[in-house]
Amino acid sequence: SQQGEEDPQALSIQEGENATMNCSYKTSINNLQWYRQNSGRGLVHLILIRSNEREKHSGRLRVTLDTSKKSSSLLITASRAADTASYFCATPSSGGYQKVTFGTGTKLQVIP
Amino acid sequence: DTAVSQTPKYLVTQMGNDKSIKCEQNLGHDTMYWYKQDSKKFLKIMFSYNNKELIINETVPNRFSPKSPDKAHLNLHINSLELGDSAVYFCASSKDREVYPEAFFGQGTRLTVV
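Residues numbered from 1 in each chain as written. Chains lettered and ligands numbered in written order. Predicted model: local features only at pLDDT ≥ 70, side-chain atom pairs only at ≥ 80, totals over all residues. Heavy atoms only, no water.

(A) Region of the structure containing the overall build of chain A. Along its length, chain A carries zero helices and eleven strands. When the helices and strands of chain A are placed in sequence order, the string is β-β-β-β-β-β-β-β-β-β-β. Relative to its 112 residues, chain A shows a buried fraction of 44%. Across chain A, contacts joining residues at least 24 apart in sequence account for 55% of those joining residues at least 6 apart. Counting every atom, chain A has about 5200 Å² of accessible surface; 45% of that belongs to carbon and sulfur. Averaged over its 13 positive side-chain charges, chain A has a centre that lies 7 Å from the centre of its 9 negative ones. (Helix = DSSP H or I, 4+ residues; strand = E, 2+ residues; numbered from the N terminus. Buried < 20%, exposed > 50% of the residue type's maximum accessible area, 1.4 Å probe, protein only. Contact = heavy atoms within 4.5 Å. Areas by Shrake-Rupley, 256 points an atom, 1.4 Å probe, with all protein chains shown as cover. Lys, Arg positive; Asp, Glu negative; His and termini not counted. Charge placed at Lys NZ, Arg CZ, Asp CG, Glu CD.)

(B) Expanded view of the state of the cysteines. Applying the stated criterion to the full structure yields two disulfides over all chains. What pairs with Cys 23 of chain A in a disulfide is Cys 89 of chain A, and their sulfur atoms sit 2.0 Å apart. As the torsion about the S-S bond is roughly 65°, the Cys 23 of chain A-Cys 89 of chain A disulfide counts as right-handed. Here Cys 23 of chain A, found in strand β3 (residues 19-25), pairs with Cys 89 of chain A, found in strand β9 (residues 85-92); they are 66 residues apart in sequence, far enough to count as distant. For Cys 23 of chain B, the disulfide goes to Cys 91 of chain B, at an S-S distance of 1.8 Å. Taking the sign of the S-S torsion, about -75° here, the bridge from Cys 23 of chain B to Cys 91 of chain B comes out left-handed. Here the residue Cys 23 of chain B occupies a position in strand β3 (residues 19-25), and Cys 91 of chain B occupies one in strand β9 (residues 87-94), the gap between them amounting to 68 residues. The two residues Cys 23 of chain B and Cys 91 of chain B agree in class, both being buried. (Disulfide = S-S within 2.5 Å.)

(C) Molecular detail of the pattern of salt bridges. Counting across every chain of the model gives five salt bridges over all chains. A single network of salt bridges, built from pairs that share partners, joins Arg 63, Glu 82 and Asp 85 of chain B. (Salt bridge = Lys/Arg side-chain N within 4 Å of Asp/Glu carboxyl O.)

(D) Main features of the pairing of β9 of chain A. All names here are of chain A. Taking burial as the measure, the eight residues of β9 include eight buried ones, the bulk of the element. Of the strand pairs in this sheet, strand β4 (residues 31-37) and β9 are connected by five bridges, and their pairing is antiparallel. Within β9, the position partnered with Gln 33 by the bridge is Ala 90. In this sheet, strand β11 (residues 106-111) lies alongside β9 in antiparallel orientation, the contact comprising three bridges. Bridging from a neighbouring strand, Ala 85 pairs with Leu 108 of β11. When β9 meets strand β10 (residues 100-102), the two strands line up antiparallel, connected through three bridges. Considered in β10, the bridge of Thr 91 is made with Thr 101. (Pairing = 2+ DSSP bridges.)

(E) The interface of chain B and chain A, seen in detail. Contact residues are listed per partner, giving 27 residues for chain B and 26 residues for chain A. Between chain B and chain A the total buried area reaches about 2200 Å² when both faces are included, carbon and sulfur atoms providing 57% of it. When the buried area of chain B at its contact with chain A is split by residue, Leu 43, Tyr 100 and Pro 101 of chain B rank highest and sum to 26% of it. There are zero salt bridges connecting chain B and chain A. (Buried area = accessible area lost by both parts, 1.4 Å probe.)

(F) Up close: the sheet that holds strand β8 (residues 73-78) of chain B. Residue and element names in this part refer to chain B. Taken together, the four strands give an open sheet; going across it, the order is β1-β3-β8-β7, and neighbouring strands pair in antiparallel fashion. Of all strands in the sheet, those bounded by a partner on one side alone are β1 (4-7) and β7 (64-70). Averaged over all adjacent pairs, the angle separating strand axes in this sheet is 20°, with direction ignored. As paired strands, β7 and β8 are joined by five bridges and run antiparallel to one another. From the neighbouring strand, Ser 65 faces β8, where its bridge partner is His 77. (Axes fitted to C-alpha atoms, helices over the stretch in contact; angles between N-to-C directions.)

(G) Up close: the side chain of Asn 50 of chain B. All names here are of chain B. Among the structural elements, Asn 50 can be located in strand β5 (residues 43-50). Assessed through its relative accessible area of 5%, Asn 50 is described here as buried. Of note is the side chain of Asn 50, whose polar atom sits 3.0 Å from the side chain of Thr 31. (Polar contact = N/O pair within 3.5 Å; in protein donor to acceptor, adjacent residues only side chain to side chain.)

This is the structure in structure tokens:
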């Protein structure tokens, strides 16, 4: 089964609004990552948050992590049409051989 | 200068055929993966190789056979293609033994079985 599940599955907002996506995961992690996938393209790494961090910012992105609830959220502020994409959370294993497992994704549409 | 490149980008073939998808990374990574993304955008890991050695095989039918001639290449061969194999297949790579590994993806191969 998938490690992470994003919520909502789809989100449609107006340009300029904020978009919030949530991710829940099942096992213990040492970090959680968010990726973006533009239509017809591969995934691109956006931001990583470590298990000992509660919040992290990168430009218009804000990620929170609550390890007690096994959940994370991605906030995109002042959204733009170019933010239209699918967003996935990922929970990599570490130390030994790597396995990056992805959630089910949130499809974001930003309407100009 | 593409970091992870896979070919072909599109592949249309008939049921029962055998086909291959090639993947190469120039990032010097030790670990490579194949993912399958279905029509609902559900991304599922299929295989993981580390330094040419198979590490993860996520209960993929044995019609799928990955081959890694060297650590920069991981090809996927599919025998006796079925309609349900239609999907987008992504190759990815990451550094081994990283505390916080990041995956780098190819642009995907859209396989359509007719």
